[in-house]
Amino acid sequence: MKSNHLFILITCLLIFCKNNSQSQNTLSNELENLYFSEIDILNHKGKITSDYYSNNFNLVKDEFLTIIFTLKKPLIKSLQELAPNLSEEALLSKGNFQFTYLINDEIIYVENLNTGAGTKNQKVEKLRQVIPLVTPERIDFWGWFMWQRFMKINGGQDAFTEGNHTLSIEVRSYLEGDTLKVSPLLARGNIAVEVPKIVIDESLVPVQKIQPHSGWEISKANFNHNKIEGLNRKIAEGRFEDINGIVVIKEGELLIEEYFNNATRDSLHNTRSVGKSFSSTLLGIAIKERFIKDENALLKDFYDLKSYKNYSPKKDSVTLKSLLTMSSGFLGNDNDYESPGTEDKMHASNNYVTFTLDLPMHKTKVTGRDFAYFTAGSNLLGDIIHKSVPEGLDSYADKKLFIPLDITKYRWFYTPQNVPYTGGGIRMRAIDFAKYGQLYKNEGKWKGKQILTKDWVKKSVARQVALDDVYYGYQFWNKTYTVNNKEYEVSYCNGNGGNRILIFKNIPFVIVITTSAYNKPGSNANVDKMMTDYILPAIIE
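About the cut-offs
- Residues numbered from 1 in each chain as written.
- Predicted model: local features only at pLDDT ≥ 70, side-chain atom pairs only at ≥ 80, totals over all residues.
- Heavy atoms only, no water.
- Salt bridge = Lys/Arg side-chain N within 4 Å of Asp/Glu carboxyl O.
- Helix = DSSP H or I, 4+ residues; strand = E, 2+ residues; numbered from the N terminus.
- Buried < 20%, exposed > 50% of the residue type's maximum accessible area, 1.4 Å probe, protein only.
- Pairing = 2+ DSSP bridges.
- Axes fitted to C-alpha atoms, helices over the stretch in contact; angles between N-to-C directions.
- Parallel < 35°, antiparallel > 145°, perpendicular 65-115°, else oblique.
- Contact = heavy atoms within 4.5 Å.
- Nonpolar A, V, L, I, M, F, W, Y, C, P; charged D, E, K, R; others polar.

Chemist: In this structure, what is going on with the pattern of salt bridges? I would like to understand it.
Modeler: Opposite charge on two side chains permits them to pair, given that their charged atoms come into close proximity. Within the structure shown, the criterion is met by 27 salt bridges. Among the salt bridges present, the one from Glu 489 reaches Lys 505, with a minimum N-O distance of 3.7 Å. A residue pair is termed long-range when its members are at least 10 positions apart, and Glu 489 in strand 21 (residues 486-495) and Lys 505 in the loop between strand 22 (499-504) and strand 23 (509-515) qualify at 16 residues. Its relative accessible area of 52% is what places Lys 505 among the exposed residues.

Shown next, in the form of structure tokens:
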């Protein structure tokens, strides 16, 4: 009798599991309501019908990709189910769509869309969502940027290996509070993705032989050629975009020197904000030679601040150190398009110094403590040096920095007042940027001459201001790379597009990477991946 009861119980459980599975499959099939289209959505007129839907996408050849899905209820209703007691305004400030990208049924990337993305109407009223992801040119739309983050920063590019794949996108809503709340599935769809073989010039893959007359002793140290050739192949394939030069110095000797995309040793590279670090260097030299007292000197010692707009007593407390560490408290932040003190707005003015000193102070930021990326402040340092040293900044930099380093091929960008612009843009050969990095590796000494004091170098590359996962010193960044579970601290100059001069703390390397991937999403992440997956393993192991 007991065995009969057990048989009936097992049978019921099997029927329940089967029915439950069928129910889930039915639900999954019902939610195959997200579709892909290869039309040029921005120039398309009329309704997008099923005639425009696509089942296949060629990752290299096809120029457009758009997703279309229709919700059963507006996004706001889904958010209200996650937190019924919150107002509509509170919900929209804490939640939005969540997109999950899967390749061959493996989750590659999940993005909780920024709450500012999309219009209020799109979230409160609309059911049908049309979102362009891929276009041949950059567009100012959140879907385009989301695809770039998926592909270039969060694994999409590496998961799409040569061959055929299935891309799935799932849509949910999320709400950020004390805990993250996520709704049930709202939409899902698949598309077959073909990744053709990328044909490259195989002559670009081997490690490039160092040519004579570099100005450096050639290192005889070993490194992993296979790793560097693997990197060269990825650069040739376009996996790492617009890389122009890689120079590796080991123990003061030239170990690796490679150029790509028509660049050569004599190319002058615009490394953008790498140039900011030169303002710190030249200020350190001016202090060493007592043309400026020290970095604690006040801004009011150099300018009549009361003669500029938006004067407040708070401006009187701004020091050169706070400008060096981007903690001056001015209402300027290049990472906030709405900020009145961005670099672009400064460039639109006819006097960069007046523009900067006219800015109001931030109401809540504490001078000397709170970081904001403020290019105008870096340029102000250059103007202060210019008016403090003999014959101006241009001549001073040449005599005190470039000639001692035997750097003769360089070009400044100038302000409207014809002062070298220290907000960025100085052009130089990659191999000469390496000399600049080695100067810091040598604690300020070059060929027996102490150009910078050891103390200034130490303070410049130190962790003066903490950010989320990096630090900032005197116009230098600081972070830690992890390779094979070992940590390597590095201070570095950083410029738009992934331009870097990297000075490692406990290993004997200076590395220069020059690129022209300006304003491209993922350019900095690409350089980090080059470092952790290729360059550092090649030279350390």
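Chemist: When you look at the sheet that holds strand 14 (residues 410-411) in this model, what are you seeing that I'm missing?
Modeler: Remark on secondary structure: sheet strands pair via backbone hydrogen bonds, oriented parallel or antiparallel. The strand order across the open sheet formed by three strands is 13-15-14, and the pairing between neighbours is antiparallel. Pairing within the sheet leaves two strands with one partner each, and these edge strands are strand 13 (269-270) and strand 14. Of the pairings in the sheet, the one linking strand 14 to strand 15 (residues 427-428) comprises two bridges and is antiparallel in character. Each residue of the ladder has a partner; that of Tyr 410, found in strand 15, is Met 428.

Chemist: Even after reading the chapter, I still don't get unusual backbone geometry, so can you show me in this structure?
Modeler: Apart from glycine, the bulk of residues carry a negative phi angle, and the bulk of peptide bonds sit in the trans form. Backbone geometry places Asn 261, a non-glycine residue, at a positive phi of 55 degrees. The topology assignment puts Asn 261 in the loop between strand 12 (253-259) and strand 13. Backbone geometry places Asn 519, a non-glycine residue, at a positive phi of 65 degrees. You can see Asn 519 is positioned in the loop between strand 23 and helix 16 (523-540).

Chemist: How should the packing of helix 8 (residues 276-288) against helix 13 (residues 392-402) be read in this particular structure?
Modeler: Axis angle and axis distance: for two packed helices, these are the angle between their axes and the distance between the axes, and together they describe the pair. In contact at an axis separation of 11 Å, helix 8 and helix 13 are set at 80 degrees when each is read in the N-to-C sense. In terms of axis orientation, helix 8 runs roughly perpendicular to helix 13. Across from Phe 278, Thr 281, Leu 282, Ile 285 and Ala 286 in helix 8, the residues of helix 13 making contact are Leu 393, Tyr 396, Ala 397, Lys 400, Leu 401 and Phe 402. For the contact of helix 8 with helix 13, a count of residues per class yields nine nonpolar, one polar and one charged.

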